Amino acid sequence: MRAKSSAGVSLNSLFLELIGFIVFVTYQMYYDYPPPTYLEYPILIAQDAILLLLILHYNGRLWQGLPYTLLFVGGWRLLTVEKWIVDLAMSLCTFISAASKFAQLQSLWRTKDAGQISALSWGLATYTGTARIYTTMATTGDALVVVRFVAMTLLNMWVLLTVLNYQRRAGGSKKQD
């Protein structure tokens with residue numbers, strides 16, 4: 001936020017991540033899983049919604065926030081209409097969330113710059129995913145959720161390592177200047 005720039009942050013990645021979070025928390029609530037298994041997701045959704053608005057603002061496209069809001073709220077409500085819809089959405093959720101990580105990786109590879117991306121955030125996401133694998137196996141044992149957390153943890157680690165690589169390169173080139 002201090003930089004007032006969205007350099008390095010992929011709007012597509014954020015959009016897909018937000019969809020994945022919404023589907024995941026809806027699935028967890030629909031099946032009455034214990035709140036500790038999904039409690040951080042409403043906070044992550046709010047965080048990503050604010051980040052999405054900031055990116056739109058910094059790119060001069062804040063007016064696009066209203067259609068995104070309507071799409072997310074409408075989609076969230078649609079998920080709980082029928083059991084098969086929430087089950088299908090959860091089955092697709094891993095692919096949607098994986099696509100968000102690949103969109104961020106693609107943005108990093110294209111620019112070869114970590115820009116405003118925080119390695120700490122990706123490190124925490126990797127750690128949280130690892131912890132969620134354990135807690136899911138201990139609480140619900142839902143294989144679909146465990147597979148999602150394994151995939152997301154590995155992809156979060158890949159993004160983290162890519163960010164660290166580009167930050168290291170940027171640090172090395174600044175020292176040479």
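Residues numbered from 1 in each chain as written. Predicted model: local features only at pLDDT ≥ 70, side-chain atom pairs only at ≥ 80, totals over all residues. Heavy atoms only, no water.

Visitor: What's the story with the packing of helix H1 (residues 11-30) against helix H4 (residues 83-111) in this structure? I'm lost.
Guide: In a pair of packed helices, the angle between the axes and the distance between the axes together describe the arrangement. Running from amino to carboxyl end, H1 crosses H4 at an angle of 150°, the nearest separation of the two axes being 8 Å. By the angle class used here, H1 and H4 are roughly antiparallel. By crossing handedness, the relation of H1 to H4 is classed as left-handed. Per-class residue counts for the contact of H1 with H4 are 13 nonpolar, seven polar and four charged. (Axes fitted to C-alpha atoms, helices over the stretch in contact; angles between N-to-C directions. Helix = DSSP H or I, 4+ residues; strand = E, 2+ residues; numbered from the N terminus. Parallel < 35°, antiparallel > 145°, perpendicular 65-115°, else oblique. Left-handed = near helix turned anticlockwise from the far one by under 90°. Nonpolar A, V, L, I, M, F, W, Y, C, P; charged D, E, K, R; others polar.)

Visitor: What is the right way to read the pattern of salt bridges from this model?
Guide: Scanning all chains against the criterion turns up three salt bridges. With a closest N to O distance of 2.5 Å, Arg 132 and Glu 40 form a salt bridge. Taken as a pair, Arg 132 in helix H5 (residues 119-139) and Glu 40 in helix H2 (residues 40-58) lie far apart in primary sequence, 92 residues in all. The residues Arg 132 and Glu 40 share a single accessibility class, namely buried. A salt bridge links Asp 87 to Lys 83; the shortest N-O distance between them is 2.7 Å. (Salt bridge = Lys/Arg side-chain N within 4 Å of Asp/Glu carboxyl O. Buried < 20%, exposed > 50% of the residue type's maximum accessible area, 1.4 Å probe, protein only.)

Visitor: Sorry if this is basic, but what is going on with the nonpolar core here?
Guide: Nonpolar side chains tend toward joint burial in soluble globular proteins. Ranked by size, the top nonpolar core spans 29 residues in total, and within it Phe 24, Tyr 41, Leu 52, Tyr 68 and Phe 72 carry the most contacts. It is H1 that provides the largest number of residues to this core, a total of 10 residues. Filtering out sequence-adjacent residues up to four positions away, Tyr 68 remains in contact with Leu 11, Phe 15, Leu 52 and Leu 56. Among the nonpolar cores identified, the runner-up in size contains 10 residues, and Ala 119, Val 159, Leu 160 and Tyr 166 belong to it. (Core = buried A, V, L, I, M, F, W, Y, C linked by side-chain atoms within 4.5 Å. Contact = heavy atoms within 4.5 Å.)

Visitor: Help me understand H4, please; the structure alone is not making it clear to me.
Guide: Residues spaced three or four apart along an α-helix point in a common direction, a consequence of the helix completing one turn every 3.6 residues. With 29 residues, H4 should cover 42 Å at 1.5 Å per step; its first-to-last C-alpha distance of 42 Å lies within 8% of that length. Phi turns positive, to about 55°, at Lys 112, one or two residues after H4. (Expected span 1.5 Å × (residues − 1).)

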